[in-house]
Amino acid sequence: MTVSPALTDVLDRIARAAKASGRIGADVTLVAVSKQQPWEKVAPILAAGQAVFGENRVQEAMERWTERRSEIELRLIGPLQTNKAREAVAFFDVIETLDREKLAGVLAEEIQKQGKAPRLYVQVNTGEENQKAGVIPSEADAFIAACRATYGLSLEGLMCIPPAAEPPGPHFALLAKIAARNGLEKLSMGMSDDFETAVRFGATSVRVGSALFGAR
């Protein structure tokens, strides 16, 4: 196993933020966002022991990770089209972008067919931004209930991407509040610019790309 200064730095920052909020670094999973990164940037992070990676597109993930699939946990963190649900259920350990009933129905069908259930997160559009995917906060409770009761899906947590121009803290607090009242323990929130804030607001996983790999 080799040493990656960037990985060491990010893990140290997670640990410090966790300690400040009464937790430990091991309470927070680092998801290395390898989407669109060249392999020469990804390989050193993998070699340094990072084992959880996030990808935006099903096809790109399959091309990159098929030969190394047994080595890692793989999370889909980009929007999922229903016509890619079969491949996503088969290939990913976690799907973090469940955001509409049509997708819930297709995922439920594929899980039953394949006898394999990736862990599922509902994406919440906390800023109610038109250009972003996700359920708006006022509809999140009803959507979570429908996923469970209508489609029989087991949900692990919630995910959000706060608006770039706003302080992220209130958005992380809102996501945590929705999760708590729906009995969901996992919170995927925080990226390279704000993951320490996310940890302080209770993130159980953070999605970090540029702080690990540099700009794309």
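Before reading on, note that the structure itself is shown above.
Residues numbered from 1 in each chain as written. Predicted model: local features only at pLDDT ≥ 70, side-chain atom pairs only at ≥ 80, totals over all residues. Heavy atoms only, no water.

Novice: Which residues make up the packing of aromatic side chains, and what values go with them?
Specialist: Per the counting criterion, the structure on display carries four aromatic pairs. Taking 6.5 Å as the distance between ring centres and 55° as the angle between the ring planes, the aromatic pair formed by F172 and F201 counts as tilted. Remark: F201 occurs in the loop between α8 (195-200) and β8 (205-208) and F172 occurs in helix α7 (residues 169-181); sequence separation between them is 29 residues. By relative accessible area, which is 35% here, F201 ends up partly exposed. Ring pairing ties together the aromatic residues W39, F53 and W65, which thus form one cluster. Lying over the aromatic face of W39, R68 brings its terminal NZ or CZ to 3.8 Å of the ring centre. Sitting over the ring of F91, R69 keeps its end group 5.3 Å from the ring centre. (Phe/Tyr/Trp six-rings, centres within 6.5 Å; stacked < 30°, edge-to-face > 60°. Helix = DSSP H or I, 4+ residues; strand = E, 2+ residues; numbered from the N terminus. Buried < 20%, exposed > 50% of the residue type's maximum accessible area, 1.4 Å probe, protein only. Lys NZ or Arg CZ within 6 Å of the ring centre and 35° of its normal.)

Novice: Describe the environment of L155, naming the residues involved and giving the relevant values.
Specialist: Checked against the element boundaries, L155 lands in strand β6 (residues 155-159). The spatial distance from the C-alpha of L155 to the C-alpha of E96 is 10.0 Å, given a sequence separation of 59 residues. Every residue in contact with L155, bar those within four places of it in the chain, is listed here: L98, L120, V122, I144, C147, R148 and L184. (Contact = heavy atoms within 4.5 Å.)

Novice: Tell me about helix α5 (residues 101-114), and name the residues and values.
Specialist: The end-to-end C-alpha separation of α5 is 20 Å, in line with the 20 Å expected for 14 residues at 1.5 Å each. Among the residues making up α5, those that are buried are L103, A104, G105, L107, A108, E110 and I111. Each element contacted by the buried residues of α5 is listed here: α4 (85-91), β4 (94-98), β5 (119-123) and α6 (137-149). Looking at the residues trailing α5, positive phi occurs at G115, about 65°. (Expected span 1.5 Å × (residues − 1).)

Novice: Which residues make up the pattern of salt bridges, and what values do they have?
Specialist: Per the stated rule, a full pass over the model turns up 14 salt bridges. Across the pair E96 and R75 runs a salt bridge whose closest N-O atoms are separated by 2.9 Å. Of the two residues, E96 is situated in strand β4 and R75 in strand β3 (residues 73-76); the sequence distance between them amounts to 21 residues. With a relative accessible area of 0%, E96 lands in the buried category. The partner of E129 in a salt bridge is K132, with the nearest N and O atoms 2.8 Å apart. Classification of K132 as partly exposed rests on a relative accessible area of 25%. A single network of salt bridges, built from pairs that share partners, joins E73, R75, E96, R119 and E156. (Salt bridge = Lys/Arg side-chain N within 4 Å of Asp/Glu carboxyl O.)

Novice: Can you tell me about α7, naming the residues and giving the values?
Specialist: In this model α7 runs 19 Å from its N-terminal to its C-terminal C-alpha over 13 residues, within 8% of the 18 Å that 1.5 Å per residue would give. Buried residues of α7: G169, H171, F172, L175, I178 and A179, and no others. For α7, the elements touching its buried residues are α6, β6, β7 (186-188) and α8.

Novice: How would you summarise the pairing of β3 if you had to cite specific residues and measurements?
Specialist: Covered by surrounding structure in β3 are E73 and R75 together with L74 and L76, the residues of both alternating faces. Bridging between strand β2 (residues 52-55) and β3 involves four bridges; their strand directions are parallel. Pairing of E55 across the sheet is with L76, part of β3. Pairing of β3 with β4, which is carried by two bridges, proceeds in the parallel orientation. Its bridge partner being in β4, L76 is matched across the sheet by I95. On the question of chirality, the crossover connecting β3 to the parallel β4 by way of α4 is right-handed. (Pairing = 2+ DSSP bridges. Right-handed = clockwise from strand over helix to strand, strands pointing away.)

Novice: So what's going on with the environment of E55? Residues and values would help.
Specialist: Within the secondary structure, E55 sits in strand β2. Given a relative accessible area of 0%, E55 falls into the buried group. For the pair E55 and V31, spaced 24 residues apart in the sequence, the C-alpha separation amounts to 9.6 Å. In this view, E55 contacts S34, K35, E60, A61, R64, W65, L74, R75, L76, I77, G78 and F92; residues no more than four positions away in its chain are not counted. At 2.8 Å, the side chain of E55 forms a polar contact with the side chain of R64. (Polar contact = N/O pair within 3.5 Å; in protein donor to acceptor, adjacent residues only side chain to side chain.)

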